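Listed here are the chains, written in short residue letters.
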Amino acid sequence: ALLIISDHGTHGVWYNDFAIGQAEHRQPAFLLSLPERFAAANPAGDGALRRNQARRLTSFDVHATLQHLAAWPTMPRPSLEATSLFVDLSPNRTCEQARVPAKFCIEV
């Protein structure tokens with residue numbers, strides 16, 4: 001697996017003074033690339049991962065996903081804060097449900 005993560009989005013650029021720049025700053029990069037054989041062997045997890053691309057997720061979810069990968073195929077213990085991205089997140093998940101402070105909430 002290849003994982004690329006940042007702690008924040010754009011930083012120190014001229015358009016951070018505008019709403020779009022502030023929104024980008026609050027959206028860190030998260031890229032996860034898995035071998036094709038993993039996706040082929042785990043179609044349900046691959047499908048959930050692809051659907052979750054357009055859903056609200058948090059760093060807690062990323063942590064749960066890393067725990068899930070480390071113990072594959074054992075599912076990590078569920079928590080209120082986190083869900084592995086190999087499981088479908090609710091398409092209607094609110095910031096409150098995801099425990100994202102309103103200051104950092106961006107509508108998807």
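Look a little higher up for the structure.
What you are looking at is a predicted structure, and each value in this text was computed from that prediction instead of being measured.

Caption draft 1: Up close: the pattern of salt bridges. Under the counting rule described, the total for this entry stands at 5 salt bridges. Here R50 and D46 are joined by a salt bridge, their closest N and O atoms 3.0 Å apart. Of this pair, R50 and D46 both sit in helix α3 (residues 43-51), 4 residues apart, which is roughly one turn of that helix. Put simply, R99 and E81 hold a salt bridge, and the shortest N to O gap is 3.9 Å. With a gap of 18 residues between them, R99 in the segment after α5 (95-98) and E81 in the loop between α4 (59-70) and α5 connect regions that are remote in the sequence. With relative accessibility at 43%, the residue R99 sits in the partly exposed group.

Caption draft 2: Just α4, in detail. Between its first and last C-alpha atoms α4 spans 16 Å; for 12 residues at 1.5 Å apiece the expected length is 16 Å, and the two agree. Among the residues of α4, those classed as buried are D61, V62, A64, T65 and H68. With its buried residues spanning 160° around the axis, α4 presents them on a single face. Counted as exposed and oriented over 90 degrees from the buried face of α4: S59 and A70. In this fold, the buried residues of α4 make contact with β1 (2-5) and β2 (30-33).

Caption draft 3: How the structure looks around the layout of surface pockets. By volume, the largest pocket is sized at about 1100 Å³. Looking at the lining of the largest pocket, the elements that each hand over two or more residues are β2, α3, α4 and α5. If one sorts the elements of the lining of the largest pocket by residue count, β2 sits on top with 4 residues. Looking at the lining of the largest pocket, its residues break down into 23 nonpolar, 8 polar and 7 charged.

Caption draft 4: Region of interest: the side chain of D46. Residue classification places D46 among the buried residues on the basis of a relative accessible area of 17%. A polar contact is formed between the side chain of D46 and the side chain of R50, at a distance of 3.0 Å.

About the thresholds
- Residues numbered from 1 in each chain as written.
- Predicted model: local features only at pLDDT ≥ 70, side-chain atom pairs only at ≥ 80, totals over all residues.
- Heavy atoms only, no water.
- Salt bridge = Lys/Arg side-chain N within 4 Å of Asp/Glu carboxyl O.
- Helix = DSSP H or I, 4+ residues; strand = E, 2+ residues; numbered from the N terminus.
- Buried < 20%, exposed > 50% of the residue type's maximum accessible area, 1.4 Å probe, protein only.
- Expected span 1.5 Å × (residues − 1).
- Arc of directions from axis to C-beta.
- Contact = heavy atoms within 4.5 Å.
- 1 Å grid on protein atoms, 1.4 Å probe; cavity = no way out; pocket = protein on both sides within 12 Å on 5 of 7 lines; lining within 4 Å.
- Points joined across faces, edges and corners; volume = space filled by probe spheres on them.
- Nonpolar A, V, L, I, M, F, W, Y, C, P; charged D, E, K, R; others polar.
- Polar contact = N/O pair within 3.5 Å; in protein donor to acceptor, adjacent residues only side chain to side chain.

Purely spatial values, then, with no claim about function.
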